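Take a look at the letters that make up each chain.
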Amino acid sequence: GRLSDNEGWLIAILVSFTLFFLWELIMRILAQGQRFIFGREKGWNLLDTVVLVASVFEVIGALTGELNSTSFRTVQVAKVMRSFRLVRALKLFRSLKLLIFSIMNTLQQLFWTMTLILALLFTFAIVFTEATTDYLKTAVKNCPDKPYDIDMLDPAISLVCNLKELYGDLGLSMLTLSMAMTGGMDWAECYWP
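Parameters and conventions
Residues numbered from 1 in each chain as written. Predicted model: local features only at pLDDT ≥ 70, side-chain atom pairs only at ≥ 80, totals over all residues. Heavy atoms only, no water. Helix = DSSP H or I, 4+ residues; strand = E, 2+ residues; numbered from the N terminus. Polar contact = N/O pair within 3.5 Å; in protein donor to acceptor, adjacent residues only side chain to side chain. Contact = heavy atoms within 4.5 Å. Axes fitted to C-alpha atoms, helices over the stretch in contact; angles between N-to-C directions. Parallel < 35°, antiparallel > 145°, perpendicular 65-115°, else oblique. Left-handed = near helix turned anticlockwise from the far one by under 90°. Nonpolar A, V, L, I, M, F, W, Y, C, P; charged D, E, K, R; others polar. Salt bridge = Lys/Arg side-chain N within 4 Å of Asp/Glu carboxyl O. Expected span 1.5 Å × (residues − 1). Buried < 20%, exposed > 50% of the residue type's maximum accessible area, 1.4 Å probe, protein only. Arc of directions from axis to C-beta.

Draft legend 1. Up close: the side chain of threonine 176. Structurally, threonine 176 can be placed in helix 9 (residues 170–182). At a separation of 2.7 Å, a polar atom in the side chain of threonine 176 contacts the main-chain carbonyl oxygen of leucine 166. Sequence-distant contacts of threonine 176, that is, excluding residues within four places in its chain, are made with Leu166, Tyr167, Met185 and Cys190.

Here it is in structure tokens:
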């Protein structure tokens, strides 16, 4: 029967991939010569050849419209065998494998670096919170209840409000310092009070 537009595109993609892998296999045979059959990767080469031959039969069946006949149903094994191509392709990504192993091996150093940063952040947050608490105990003026416009307040009251918002407790101090460290808040906003 006649192919629909979707089937036509699928067959065009199937033919393109099969031709590409056929060209790749021919280039490997020419480059490796006898090592293709007798070399250390002869098992992979045999698998690639079998998968490619099955794919060629599948393309012929798709182009002639006989893919559903009983003679081409055995070629359906090629679809299962294509999954082995993925295993073969993973072997080609040695640099990706090296990069993944490198990242995995540096995770311990990353953990200790993040622990050190967190410990320093915690230490400085304690210092800032203590200093803020001491100042707020001696402050004469208190911050009004929200909502208020910080720019309309007396500068001494504005300072108390800013200190409470930025360094009022340990959690706020850690948040303020981490935001200043990572660019979530401008340094000037943290420094002014």
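Draft legend 2. Spatial organisation of the packing of helix 7 (residues 107–138) against helix 9. For the pair helix 7 and helix 9, interaxial distance at closest approach is 8 Å and the crossing angle is 125°. Looking at the two axes, helix 7 sits oblique to helix 9. Where helix 7 crosses over helix 9, the two elements pack in a sense that is right-handed. Touching Ile117, Leu118, Leu121, Phe122, Phe124, Ala125, Ile126, Phe128 and Thr129 of helix 7 are Leu170, Ser173, Met174, Leu177, Ser178 and Met181, all from helix 9. Across the contact of helix 7 with helix 9, the residue classes break down as 12 nonpolar, three polar and no charged.

Draft legend 3. A look at the packing of helix 8 (residues 155–167) against helix 9. Interhelical geometry of helix 8 versus helix 9 gives an angle of 85° and a closest axis separation of 6 Å. As judged from the angle between their axes, helix 8 and helix 9 are roughly perpendicular. Here Lys164, Glu165, Leu166 and Tyr167 of helix 8 come into contact with helix 9, specifically with Leu172, Ser173 and Thr176. In the contact of helix 8 with helix 9, the residues fall into three nonpolar, two polar and two charged.

Draft legend 4. Quick peek at the pattern of salt bridges. Taken as a whole, this structure holds two salt bridges when the rule is applied. Each of Glu24, Arg28 and Asp48 takes part in one network of salt bridges that share partners.

Draft legend 5. Up close: helix 9. Under the 1.5 Å per step criterion, the end-to-end length of helix 9 is 18 Å for 13 residues, consistent within 8% with the ideal 18 Å. Looking only at helix 9, the buried set comprises Ser173, Thr176, Leu177 and Ala180. One side of helix 9 carries all its buried residues, which in axial view fall inside an arc of 95°. Buried positions along helix 9 lie against helix 7, helix 8 and helix 10 (187–191). Residue aspartate 169 occupies the N-cap position of helix 9, its side-chain oxygen lying 3.1 Å from the main-chain nitrogen of glycine 171. Glycine 183 lies just past helix 9 and shows a positive phi near 95°.

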